[in-house]
Amino acid sequence: MSLFKQITIIMSLFLLVVILSVMTLNLQSAQKYAQQELYANAQNSAASLSLSLSNAQGDISTMSTMINAVFDSGYYKEIRLLDNNNEMLFQRTKEESSLDIPGWFKGLYDFKNPIASANVSTGWNPIGQLQVVSLEDNAHIKLYENFLELLQTFVFIALITFTLLFFLLKLILSSLKRLVEQAEAVSDNNFIITEDIPTTSEFKEVTLAMNKMVAKVKDIFEKEAASVQNYHRVLYTDALTSLGNRNFFELKMSDFLSSQGADASGVMLTLYFDGVSDANKSVGHEKVNQFIQDLAQIIKKRVENENGALIARIDGTKFSMIFPGLHREDIESCADDLLTQSIVNLENASITGCDCAIKLVQMNYTSQDTTASLFDRIESSLQDAQKNTVNYAVQQESDQSTLQKEVIERRIKEHSIALALQDVYDQDHNILHAEAYVRLFDENRNVHEASDFIPLVHKMNLDTNLDKSVINYAIKEPLMQEKTVAINISLRFVQDKDALQWLKGRLAALSKARTFNFEISNHNLLNAVNEVLVFSNLVKAAGHHFGIDRFTIEEGSNLNYLQMIKPAYIKIDSKYLYDMLQDKEGKSNPALQNLIESLDIKIIASNVEDKKTQTTLAQMGIKYFQGSLLSDPKLV
């Protein structure tokens, strides 16, 4: 029960006791006063009438007339004339009248109507005794009217009191409500500092104490987040240029190649500084390092405008730029600008006395590649490349690709798709959910994996249409109704307001017993945080779950978006997770795990390919796993 209700009940009981006490005392006092008034009036009337009757010289007829005259005034209930032997000589009694007074009210008090008496005599000879009883109806009416007036007064006072109490308690308890919200926010790792300090001393002290605690917890959380980001930087950042290093390149490229999404293919640019050894001998390491730093800034400034592009310094002379989901024609101007600016920077660096030049190689990558094969292709392409030119390692897409595009577009419109499910398990081998991978049937009913057609789907802007087909298929397919299915959503779907309204309608029509998970890659999320927040809120409001796939810490971003979006789970590549959960000496470093789990977010280790990896991660405290070791995607 709330404090407001408790105080209201106490005040109600208090007012009820006061009302009952006051009304009881008032009723008793008014009753006593009414009885005294009735007796006084009856006694006065008896004395006055007895004197008048004395003049009748004992004539009963005359006395009866005189008594009738007085009785007919209507103020008396009964007048009796008794002789000396108490025998009735004459009597007038008023019949009981019906009063407009509730019976329960008259039952509240015991009203005694007193009898007044006076002796009647003729001279010194006593005739008898006159008894007068006043009419008590007026007394009852006055008591009832007084009761109603008092009750109305107390009701009015109670209304004013409770109104004032309501606003007073609302004002006082608003600070307590803010404290509750503040405490609940802390449990969700949202750190709210209350600026409106209450004036009530007790609440003021509690509010200041809460602010102090929240500030400390916030500081601890931010230090933990900074520690995680710094450790990521140590592992995956080049010390000289602050760009990604070779480990970062391998991590992200492996992530892209295994994504089965639009970024499973794309374009790479590799910029090579030829002649670095001669330059180090000629002008010294310091000047060469400055040149490399300037070159890194040129690359970063030019490439950062390209949506989703990543940069890494894969060794002392090579910079590699990844453009996921793009094609050669998309980055031609970028490549030309980079070459021109790099050559100008080399000329301005005053590196003389050596044969130095810039090589820029452009090559495509697809899901059939591996990181090892890409490194081999890079080295081979650089050896064959001409200096100070943009060298193309592959040709543009052939006409056959155009035909494939037409087939893909037609098959998506015909909803000729299927889903392959890969289960996600907990440490006890119970299924958490099943991730759905889209497959496409061609006209010969051959099944194609996502990496075969998703890049072209993205290029043709069919992502949203494909996502709708996948969602409809997952909803209608009977074999999927017994499982919680996780569906990967494209960034274009998330950014499409019409698509979101469509999804809201589809989810609203579902049975409450059915639950879906919707995932988006961390890379796409960081390109549209606000849109993803809207999407995740829509999904959670409909009773479903939102997750982040392929999570890595991105350079230049903090982890506050995890607090804001609050996903149900995060999928992290097992190799990356392993690296982040131990320090350079191989000792446990649970900062990332503590940070994520403090937000009540599950960590799922993905791409688990061997038992040793699973066992090691389990020993580190990871509870959920996904990968070919546990199960391969199975077509439904």
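Structure: above.
Residues numbered from 1 in each chain as written. Predicted model: local features only at pLDDT ≥ 70, side-chain atom pairs only at ≥ 80, totals over all residues. Heavy atoms only, no water.

### Side note on the overall build of the protein
Along the protein, the regular secondary structure elements total 21 helices and 19 strands. A compact globule built from 636 residues would reach a C-alpha radius of gyration of about 26 Å, whereas the protein, at 48 Å, exceeds it by more than 25%. With respect to the principal axes defined by its C-alpha atoms, the protein has extents near 160 × 60 × 45 Å. Going through the 636 residues of the protein one by one, you find that 47% of them count as buried. (Helix = DSSP H or I, 4+ residues; strand = E, 2+ residues; numbered from the N terminus. Rg over C-alpha atoms; globule rule 2.2 N^0.38 Å. Buried < 20%, exposed > 50% of the residue type's maximum accessible area, 1.4 Å probe, protein only.)

### Quick word on the sheet that holds strand S3 (residues 116-122)
Taken in spatial order, the four strands of this open sheet run S2-S1-S4-S3, and their pairing is antiparallel. Looking at which strands have only one partner, the edges of the open sheet turn out to be strand S2 (88-93) and S3. Across the sheet, the mean angle from the axis of one strand to that of its neighbour is 15°, orientation sign disregarded. Of the pairings in the sheet, the one linking strand S1 (residues 76-83) to strand S4 (residues 125-134) comprises seven bridges and is antiparallel in character. Directly across from Glu78, in S4, lies its bridge partner Val133. (Pairing = 2+ DSSP bridges. Axes fitted to C-alpha atoms, helices over the stretch in contact; angles between N-to-C directions.)

### Here's the deal with the pattern of salt bridges
Tallied over the full model, the rule gives 20 salt bridges. For Lys483, the salt bridge goes to Asp423, with nearest N and O atoms at 3.1 Å. Of this pair, Lys483 sits in the loop between helix H13 (463-476) and strand S13 (485-488) while Asp423 sits in strand S10 (residues 417-426), and the two are 60 residues apart along the sequence. Judged by relative accessible area, which is 11%, Asp423 ranks as buried. (Salt bridge = Lys/Arg side-chain N within 4 Å of Asp/Glu carboxyl O.)

### Topic: the packing of aromatic side chains
Tallying each qualifying case throughout the model produces nine aromatic pairs. Seen in terms of ring centroids, Phe273 and Phe291 are 4.7 Å apart; in terms of plane orientation they differ by 55°. Their pairing is tilted. In this pair, Phe273 is assigned in strand S5 (residues 266-274) and Phe291 in helix H8 (residues 285-303), connecting sequence segments 18 residues apart. By the ring-pair criterion, three or more aromatic residues cluster together here, those being Phe493, Trp502, Phe516, Phe518, Phe535 and Phe546. (Phe/Tyr/Trp six-rings, centres within 6.5 Å; stacked < 30°, edge-to-face > 60°.)

### Regarding the packing of helix H7 (residues 276-283) against H8
Contact pair H7 / H8: the axes reach a minimum separation of 7 Å and the direction vectors enclose 130°. By the angle between their directions, the pair H7 and H8 is classed as oblique. When H7 is examined against H8, the residues Val276, Ala279, Asn280 and Val283 are found in contact with a partner set consisting of His285, Lys287 and Val288. Among the residues making up the contact of H7 with H8, the classes are represented as four nonpolar, two polar and one charged. (Parallel < 35°, antiparallel > 145°, perpendicular 65-115°, else oblique. Contact = heavy atoms within 4.5 Å. Nonpolar A, V, L, I, M, F, W, Y, C, P; charged D, E, K, R; others polar.)

### Details of helix H12 (residues 450-459)
In terms of residue burial, H12 counts as a mostly covered element, since seven of its 10 residues are buried. Among all positions of H12, only Ala450, Ser451, Phe453, Ile454, Pro455, Leu456 and Val457 are buried.

### As for the sheet that holds strand S9 (residues 390-392)
Backbone-to-backbone hydrogen bonds join strands into a sheet, with any given pair of strands oriented parallel or antiparallel. Strand order in this open sheet of five strands is S6-S7-S5-S8-S9, and the pairing throughout is mixed. Pairing within the sheet leaves two strands with one partner each, and these edge strands are strand S6 (310-315) and S9. When strand polarity is set aside, the average angle formed by the axes of neighbouring strands in this sheet is 25°. Examined bridge by bridge, S5 and strand S7 (residues 318-324) share seven bridges and lie antiparallel to one another. The residue bridging Thr270 from the neighbouring strand is Ser320, located in S7. The strands that helix H10 (residues 371-384) touches are S5, S6, S7 and strand S8 (357-365); relative to S8, the one it contacts most, it runs at about 140°.

### A word on the nonpolar core
Most often, soluble globular proteins have nonpolar side chains that are buried together. Phe518, Phe535, Phe551 and Leu592 are the most contacted members of the largest nonpolar core, which totals 103 residues. The biggest single contributor to this core is helix H5 (residues 201-236), with seven residues. Non-local contacts of Phe518, meaning those with residues more than four positions away in its chain, are made with Ile471, Ile487, Ile489, Leu503, Leu507, Phe535, Val539, His544, His545, Phe546 and Gly547. The next biggest cluster of nonpolar side chains, apart from the first, holds 32 residues, and it includes Val276, Ala309, Ile343 and Val390. (Core = buried A, V, L, I, M, F, W, Y, C linked by side-chain atoms within 4.5 Å.)

### Topic: the environment of Thr8
Within the secondary structure, Thr8 is located in helix H1 (residues 3-54). Each C-alpha atom of the pair Thr8 and Phe111 lies 37 Å from the other, and the pair is 103 residues apart in sequence.

### Comments concerning the environment of Thr389
With respect to the element layout, Thr389 can be found in the loop between H10 and S9. Thr389 gets classed as partly exposed once you look at its relative accessible area, which sits at 26%.

### Comments concerning the packing of helix H6 (residues 246-257) against H10
One can describe the packing of H6 onto H10 by two numbers: an axis separation of 10 Å at closest approach and a directional angle of 120°. Classified by the interaxial angle, the pair formed by H6 and H10 is oblique. Taken together, the residues of H10 that come into contact with H6 (itself represented by Arg246, Phe249, Glu250, Met253, Ser254 and Leu257) are Thr371, Leu374, Phe375 and Ile378. Its residues assigned to classes, the contact of H6 with H10 comprises six nonpolar, two polar and two charged.

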